[in-house]
Amino acid sequence: MNNIPIKSKKTFQIWIVISICLTISLIKYGKELEREQYYNKAKATKKLGWTITFVVLLCIYITEKTIINTEERRLINSMIIFAGTFSYLYFLAQNNEL
């Protein structure tokens, strides 16, 4: 018996790659914010937080419009939220703000 609620494994694999790329790019963006000439810790944290929020909401909107299967959509949305949360917590941990 197959308990995987995914109808299209190719779509799921594409979103896994997107989530991993999203995590890596947001971590790199956080490191770029630290390297800015006029680095302000509080401002960089807010800027990264809002950027992550916007990108995650955009990705969730895309999945809501393109993926029909509810279980698959929830799983992909959870991966996207995890990618954003992990990136933000990584940035906070690197700046000793946790």
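What counts as what
Residues numbered from 1 in each chain as written. Predicted model: local features only at pLDDT ≥ 70, side-chain atom pairs only at ≥ 80, totals over all residues. Heavy atoms only, no water. Core = buried A, V, L, I, M, F, W, Y, C linked by side-chain atoms within 4.5 Å. Buried < 20%, exposed > 50% of the residue type's maximum accessible area, 1.4 Å probe, protein only. Contact = heavy atoms within 4.5 Å. Helix = DSSP H or I, 4+ residues; strand = E, 2+ residues; numbered from the N terminus. Expected span 1.5 Å × (residues − 1). Polar contact = N/O pair within 3.5 Å; in protein donor to acceptor, adjacent residues only side chain to side chain. Phe/Tyr/Trp six-rings, centres within 6.5 Å; stacked < 30°, edge-to-face > 60°. Salt bridge = Lys/Arg side-chain N within 4 Å of Asp/Glu carboxyl O.

Colleague: Quick question: what am I supposed to make of the nonpolar core here?
Modeller: For soluble globular proteins, nonpolar side chains are generally found buried alongside one another. Counting residues in hydrophobic clusters, the biggest one holds 18 residues, and the most contacted among them are Trp15, Leu22, Ile76 and Ile80. Beyond its immediate stretch of four places on either side in the chain, isoleucine 76 contacts Phe12, Trp15, Thr63 and Ile67.

Colleague: Help me understand helix H3 (residues 70-94) in this model?
Modeller: Quick reminder: α-helices carry 3.6 residues per turn. Residues three or four places apart thus point the same way. For H3, built from 25 residues, the straight-helix expectation of 36 Å at 1.5 Å per residue is met to within 8% by its first-to-last C-alpha distance of 36 Å. Turning to H3, its buried residues number three or more, namely Glu72, Arg73, Ile76, Asn77, Met79, Ile80, Ala83, Gly84, Ser87, Phe91 and Leu92. Tucked into the core, H3 has its buried residues touching helix H1 (9-35) and helix H2 (41-66). Taking the backbone nitrogen of glutamate 71 as reference, a side-chain oxygen 3.4 Å away marks asparagine 69 as the first, capping residue of H3. Count one or two residues on from H3 and you reach asparagine 96, which has phi positive near 55°.

Colleague: Explain the packing of aromatic side chains to me, please; I cannot follow it from the model alone.
Modeller: Between two aromatic rings, the relevant description is the distance of the centres plus the angle of the planes. Within this structure, the stated rule accounts for two aromatic pairs. Among the aromatic residues, ring-to-ring pairing joins Phe82, Phe86 and Tyr90 into one connected group.

Colleague: In this structure, what is going on with the pattern of salt bridges? I would like to understand it.
Modeller: Counted by the stated rule, this structure contains one salt bridge. Here arginine 73 makes a salt bridge to glutamate 64, at a shortest N to O gap of 3.3 Å. Owing to a relative accessible area of 15%, arginine 73 belongs among the buried residues under this scheme.

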